[in-house]
Amino acid sequence: CHRKLKTFSDGLVYFQQALDLEPHNFYALFGMADCYRGMNEQEDSLRYWEKILKQDPDNKVILTRAGDAYRSMEKYDSAEEYYKNALDIEFDEYAILGLALINKLRFKYREAIDSLQGLLKIDVKNHRLYTEIAECHMELGERDKALAILKQFQQLGIRNSHVNEMLIGL
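The present account deals with the structure reproduced in this document. (Residues numbered from 1 in each chain as written. Predicted model: local features only at pLDDT ≥ 70, side-chain atom pairs only at ≥ 80, totals over all residues. Heavy atoms only, no water.)

### Re the packing of aromatic side chains
In plain terms, the rule: Pairing of aromatic side chains here covers Phe, Tyr and the six-membered ring of Trp, requires ring centres within 6.5 Å, and sorts the geometry by plane angle: under 30 degrees stacked, over 60 edge-to-face, intermediate tilted. Helix numbering and strand numbering both begin at the N terminus, where a helix is a DSSP run of H or I of at least 4 residues and a strand a DSSP run of E of at least 2. Residue burial is assigned from relative accessible area. The probe radius is 1.4 Å, only protein chains are included, and a residue is buried under 20% of its type maximum, exposed over 50%, and partly exposed in between.
Per the counting criterion, the structure on display carries seven aromatic pairs. Ring geometry for Tyr36 versus Tyr48: centroids 6.0 Å apart, planes at 15°, classification stacked. One end of the pair, Tyr36, is in helix 3 (residues 26-38); the other, Tyr48, is in helix 4 (residues 42-55), and twelve residues separate them in sequence. We classify Tyr36 as buried; its relative accessible area is 14%. Assessed through its relative accessible area of 5%, Tyr48 is described here as buried. Among the aromatic residues, ring-to-ring pairing joins Phe26, Tyr27, Phe30 and Trp49 into one connected group.

The structure is reproduced here in structure tokens:
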């Protein structure tokens, strides 16, 4: 409940009690990691993601979450490794997104756009993909392309304040 209510620090107490009773309980480890993630304490979340991966090294969801933690900590090489390990198991939309965001952070905007465009084919209503692509186009000085991708999202009939704000700013 605390995870859903975003009262993460309150949830930590209960997950710790569960771990005291059963130190390798997946749900308690996941809960601890996710609460720390919600509190933006990535190093602490990573400790618990790693504990899960010791038990289940091929868990692509956890590999991706660990990749996200490393990306948030600006450890891009480690993040990239985790995302690629997740993709070695099977396709994962979030691993692809993570790799695209790393490319964006490394100023590899064309590569980021290519990955994000690929994700658009399977998640056409995800506003974040459109805004990330638009930001990459803006960094490349391609205002018209940024405007076009944001308008493409609006043509879906979905309202999103972030998309609207970006359009106003262009």
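Resuming the write-up.
### Comments concerning the nonpolar core
Stated precisely, the cut-off is as follows: Here, the term nonpolar core denotes a set of buried Ala, Val, Leu, Ile, Met, Phe, Trp, Tyr and Cys residues that are joined through side-chain atoms within 4.5 Å.
Met32, Tyr48 and Trp49 are the most contacted members of the largest nonpolar core, which has 29 residues in total. Among the secondary structure elements, those contributing two or more residues to this core are helix 2 (8-21), helix 3, helix 4, helix 5 (60-72), helix 6 (76-89) and helix 7 (93-105). With seven residues, the top contributor of residues to this core is helix 3. Counting 24 residues, the second largest nonpolar core, distinct from the first, contains Tyr109, Ala112, Ala134 and Leu147.

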